[in-house]
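The primary structure of each chain is shown beneath.
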Amino acid sequence: PQPLSPGRVLSLVWALLRKDAALRRAGWKASLAGLAAAGIVVGLLMLVQNLVDTLFLTGAAYRCPYCGSPADDFGRVYCRDGPSCQELFFPVASRDALQAKYGVDVVADCQAAVAAGCGGGSPDCFRPQWASTDQLAFCPYPHALPMRDFHYLPTPQVRSKTPVLVSGQALSLAAAVARRLFQPTAPAGDASEASVGLGAAA
């Protein structure tokens, strides 16, 4: 075969470059279209959420009772549907009814919290103990429930094939469990022996 002339080579290279550029432009268009579609979907979801919040989840009925200052940034937004946070959730007009329901003067408690400087959306300013069923789902719980300090009864000393879990906070209970579960030939032991770890297990 005859070799290609320089002009022919240049024309072929130019054609390849143009095709590559066209493919790249098509790829950019597809990428931009994908990003635009994702943005539109996110925008629609945010719009729907805003409509649901505005139409169905507005007002004090769907907010955790809050006894904070209405003057800070959080209070102005959270308590915007009432003259104050205390009046929005615990109005003075319902003071007697609220006291009869909860057994506590919640209006006075809320007023005292505001006077003490509670605010800024602090979890200590919320009152989940006085929330309705609908409000309770929106209440923060910053403190986990305390867990008991558990210990194991060592397996060689008990009839169980697996370690027995007892509470180290109730040593009398541990001693009672030890007396019931120790083998007849073994000493009953005291509470400190019943709440040791697994180090001696074999």
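Residues numbered from 1 in each chain as written. Predicted model: local features only at pLDDT ≥ 70, side-chain atom pairs only at ≥ 80, totals over all residues. Heavy atoms only, no water.

## A short note on the overall build of the protein
When helices and strands are counted, the protein shows 8 helices and 2 strands. The linear arrangement of helices and strands in the protein, starting from the amino end, is α-α-α-α-α-α-β-β-α-α. Taking all 202 residues of the protein together, the buried fraction comes to 23%. Accessible area for the protein stands at about 13900 Å²; split by element, carbon and sulfur atoms hold 64% of it. (Helix = DSSP H or I, 4+ residues; strand = E, 2+ residues; numbered from the N terminus. Buried < 20%, exposed > 50% of the residue type's maximum accessible area, 1.4 Å probe, protein only. Areas by Shrake-Rupley, 256 points an atom, 1.4 Å probe, with all protein chains shown as cover.)

## Things to note about the packing of aromatic side chains
Evaluation of the coordinates by the stated rule reveals 9 aromatic pairs. A ring pair is formed by Y66 and F126, whose centres lie 4.9 Å apart and whose planes are at 55°; its orientation type is tilted. Of this pair, Y66 sits in the loop between α1 (6–55) and α2 (73–78) while F126 is found in the loop between α5 (106–115) and α6 (133–136), placing the two residues 60 residues apart along the sequence. Take Y66 and F126: they sit in the same class, and that class is buried. The ring of Y78 has R63 sitting right over it, with the charged end atom 5.9 Å from the ring centre. (Phe/Tyr/Trp six-rings, centres within 6.5 Å; stacked < 30°, edge-to-face > 60°. Lys NZ or Arg CZ within 6 Å of the ring centre and 35° of its normal.)

## Structural notes on the state of the cysteines
Taken as a whole, this structure holds 4 disulfides when the rule is applied. Sulfur-sulfur distance for the disulfide between C79 and C85 comes to 2.0 Å. Between C79 and C85 the sulfur-sulfur dihedral comes to about 105°; the bridge is accordingly right-handed. Across the pair, C85 and C79 agree in class, each one buried. Cysteine pairing in the protein follows 1-8, 2-5, 3-4, 6-7, where each cysteine in a disulfide is numbered by its order in the sequence. (Disulfide = S-S within 2.5 Å.)

## Structural notes on a nonpolar patch on the surface
Together, V9, V13, W14 and L17 give the surface a local cluster of nonpolar side chains, amounting to about 390 Å² of exposed area. Locating W14 in the fold gives a position in helix α1. (Patch = residues over 30% accessible without salt bridge, like charges linked within 9 Å, V, L, I, M, F, W, Y side chains within 5 Å. Salt bridge = Lys/Arg side-chain N within 4 Å of Asp/Glu carboxyl O.)

## Structural notes on the pattern of salt bridges
A full pass over the atoms with the stated rule returns 3 salt bridges. Across the salt bridge formed by R76 and D73, the nearest N and O atoms sit 2.3 Å from each other. Note that R76 and D73 are positioned in helix α2 at a spacing of 3 residues, about one turn of the helix. A relative accessible area of 46% places R76 in the partly exposed class. Residue D105 is joined to R95 by a salt bridge in which the shortest nitrogen-to-oxygen separation is 2.8 Å. In this pair, D105 sits in the loop between α4 (95–102) and α5 while R95 sits in helix α4, placing the two residues 10 residues apart along the sequence.

## Structural notes on the environment of Y102
Here Y102 lies in helix α4. Here Y102 falls in the partly exposed class, since its relative accessible area comes to 23%. Residues Y102 and Q129, spaced 27 residues apart in sequence, show a C-alpha to C-alpha distance of 9.1 Å. In this structure the side chain of Y102 is engaged in a polar contact, spanning 3.0 Å, whose partner is the backbone oxygen of W130. (Polar contact = N/O pair within 3.5 Å; in protein donor to acceptor, adjacent residues only side chain to side chain.)

## Section: the nonpolar core
By size, the foremost hydrophobic cluster in this structure holds 21 residues, and its most contacted members are Y66, Y78, C79, F89, F90 and V106. Counting only elements with at least two residues in this core, the list comes to α3 (85–89) and α5. The dominant element in this core, judged by the number of residues it contributes, is α5, at 4 residues. Beyond its immediate sequence surroundings of up to four residues, V106 is in contact with F90, L98 and W130. (Core = buried A, V, L, I, M, F, W, Y, C linked by side-chain atoms within 4.5 Å. Contact = heavy atoms within 4.5 Å.)

## Some words on α5
Buried within α5 are the following residues: V106, V107, C110 and A113. Summarising the axial view, the buried residues of α5 lie within an arc of 125°, below the 170-degree limit, and thus occupy one face. Among the residues trailing α5, G117 stands out with phi positive, at a value near 95°. (Arc of directions from axis to C-beta.)

So, to be careful, I would describe these as geometric facts and stop short of saying anything about function.
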